[in-house]
Amino acid sequence: MTALTLEGKVQKKKAENKSLPMNAIADLGLIGDDLSGATLEGEGTEDSPFLIKDLADITTFASLVNSGLSYAGQCFQATSDITDISTPIGTFDQVDVPFQGVFDGAGHTFTLAMGNEDSVDGYLGLFGCLGDGAAVKNVKIAGNIQTKGDIVGGLAAAAHAGKEGITISQVTNDATIAGSSYVGGILGSVTATTASNFVISDAANHGKVTGAKTYVGGIAGEFDSAVAKTIERCTNDAEVTGFNGVGGISGYNYFADFVQCQNDGTVKSTQEAATGCYFNFNAKNYSTGTSGVFQQGTGGIAGAMQNGSIKNCVNNGSVTGFFKIGGMAGVSYWGNIQNSQNNGQVTGTGVVKSSNPASQTHFVYGSVVGGIIGWARTQSTVKNCINAGDITGKGNVGGIVGYYYAESQKMGEITACKNSGNITSADAYFGGVAGICASTGGIAGMVTAVAGSGRCVIKECENTGAVVSNTYNTGGILGKFHCGTTSSVQEMTMCVNKGSVTGPIYTGGIVGFCYAAYKQTTTIKNCANYGVVKSIRANDNGDCAGGILGANHVQNDGSAYQQIIYIYNCYNHGSILYPADHVKPYTGGIVGRWEKLSAAPLMGMIANTYNAGFVGPDNEDAPAEGAVNT
């Protein structure tokens, strides 16, 4: 038996030796009977919906739904604005108690007054829970929700769709929303079954959204479950802040398609170095607000995206995070982003190493920041996207993608993308082997192909922004091609760089560095550089700067290790400069250093490739006295 008060704030599964206030609206003796319309004007049909006229009506409505009445297939309509709403309609407290009917707000405003700074209640929103078949439209939300609990949204805390699906349209939130995890301006958490159809369209959030932990979004905290969901023409222009999994539209997106969505609000992760300097890629702990590799990120549209898409979307807001930050998505795993544009400034503040703090020679991942995607993994694709915002971080920074990780014989692809923003990376490397993975590029920072012959292709891309780094591996298009512990194939074709490229070591007009840990085949073809390539590090190790490729390297000198590099049909027109007092510049019009170990042969060719740029010291005078002819 369920016992509840008029306010709907007390729900108990058992009522033993308890005294609960009673009322005529939801008498315990009537629970289980059909109360449809018992105290509301109307018949619940499309032609004669139940009418919600005032606070008493909406409290009655909430009490009836919370008693277990779903109103599946029945209709409700508001007739006026209502204030001081403190009782969610529907809930999820041990058992699912959803609203499954049709609710038309008729453009009226519902002002919420839920929770306070000491509250730990969850499932707060105008609707605590929407169930299968529910449809909500023409609703405006105002007021505030404040709690330390999870699953909070202005319109609905939770939405659980089944075979009938759920539709939400023309909803606006102006309320201030604050919770812990799964916090959204419109929805807290969305889940669906294999037969569902979930659609939210023409929703807008104008209220500040804050989450203390994970999955925080301007429209929804998370879209979960492996079922297609459509989010179209939704916008956010308010500040969105959370620990991680933070997005202007959604904190976490699993199998959701974002179409024609736009974020104009500031998006920020509060994660700091004390909680994230070393990162376990597979850990997922909601109690502490940390999450795994596919869930953590900060993005203008989606904080993290898995098996979803972003199409024809725009981000104009600034995006700031500790690790994995993107103008569209902080993380994309098997995701597809196309025809979308970022105009906002994207900033990474963290420096993350490997998951093993005891090892100082593992990768330095840096901030991992991209104008479109921070971290792209497996078969993610980026097509016809534009970045016009300035991108700043501390390693693995790119105008389109910060770090691309291709694996399992799946091809990753970056196609027909353009960057005009300035790309800046600083302070990411720790020296030695650790530093070489902190890369910077006009289109992508670093591409890694591992785990079963991974493959990645970058084609028809253009960079016109300035690329500046004080870390290793800086390129006008790509900072670094990296091969993992298995064979990999990487290709760059028909790419053009027109921006200046400045870096301390391994600096190239197209690619900064090619690194093979096992067997790597890299092809750079039909590419051109027009930007000035400038090396700024002056020591005896050599700068390694080239108009097309800065340098290459094979990890070990053994017959099992092999690097094949093809450079053909390429052209450099930009000047290649090194410090005037440098005696070992390793600088060339095409390649700065072409390394061949004795037992690990470098194979391939440079063919039909030309340099028309000046190669020499940055004062364009004679080389330094005693310089080695390299």
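Residues numbered from 1 in each chain as written. Predicted model: local features only at pLDDT ≥ 70, side-chain atom pairs only at ≥ 80, totals over all residues. Heavy atoms only, no water.

Position of Asn342 relative to the elements: it lies in strand E39 (residues 341-342). At a separation of 2.8 Å, a polar atom in the side chain of Asn342 contacts the side chain of Asn387. The contact partners of Asn342, leaving out residues within four places of it in the chain, are Asn315, Gly327, Met328, Gly371, Ile372, Ile386, Asn387, Ala388, Gly389 and Ile391. (Helix = DSSP H or I, 4+ residues; strand = E, 2+ residues; numbered from the N terminus. Polar contact = N/O pair within 3.5 Å; in protein donor to acceptor, adjacent residues only side chain to side chain. Contact = heavy atoms within 4.5 Å.)

Once that is clear, we can look at the pattern of salt bridges. The tally for this structure, following the rule as stated, stands at eight salt bridges. When the shortest N-O distance is used, the salt bridge between Lys53 and Asp57 registers 2.9 Å. Classification of Lys53 as partly exposed rests on a relative accessible area of 32%. Exposure remark for Asp57: the relative accessible area of 8% places this residue in the buried category. Because the salt bridges share partners, they merge into one network encompassing Glu41, Lys53 and Asp57. (Salt bridge = Lys/Arg side-chain N within 4 Å of Asp/Glu carboxyl O. Buried < 20%, exposed > 50% of the residue type's maximum accessible area, 1.4 Å probe, protein only.)

With that out of the way, let us pick up helix H1 (residues 55-66). Here H1 contains 12 residues, and its C-alpha end-to-end distance of 16 Å stays within 8% of the 16 Å for a straight helix at 1.5 Å per residue. Counted residue by residue, H1 has 10 buried out of 12 residues, so it is predominantly covered. Among the residues of H1, Asp57, Ile58, Thr59, Thr60, Phe61, Ala62, Ser63, Leu64, Val65 and Asn66 are the ones counted as buried. By the N-cap criterion, in which a side-chain oxygen at the helix start approaches the backbone nitrogen of a residue two or three places on, H1 is capped by Asp54, the distance to Ala56 being 3.3 Å. Gly68, located one to two residues past H1, shows a positive phi value of around 120°. (Expected span 1.5 Å × (residues − 1).)

What follows covers the packing of aromatic side chains. Geometry of an aromatic ring pair is reported as the spacing of the ring centres plus the angle between the planes. Within the structure shown, the criterion is met by 26 aromatic pairs. Centre to centre, the rings of Phe323 and Trp375 are 6.3 Å apart; their planes meet at 85°, and the pair counts as edge-to-face. Taken as a pair, Phe323 in the loop between strand E35 (319-321) and strand E36 (325-326) and Trp375 in strand E44 (residues 373-377) lie far apart in primary sequence, 52 residues in all. Residue Phe323 is classed as buried on the basis of its relative accessible area, which comes to 2%. Between the aromatic rings of Tyr472 and Tyr506, the centroid separation amounts to 6.0 Å while the plane-to-plane angle is 40°, which identifies the pairing as tilted. One end of the pair, Tyr472, is in strand E58 (residues 472-475); the other, Tyr506, is in strand E63 (residues 505-508), with 34 residues separating them in the sequence. (Phe/Tyr/Trp six-rings, centres within 6.5 Å; stacked < 30°, edge-to-face > 60°.)

These values are about where atoms sit, not about what they do.
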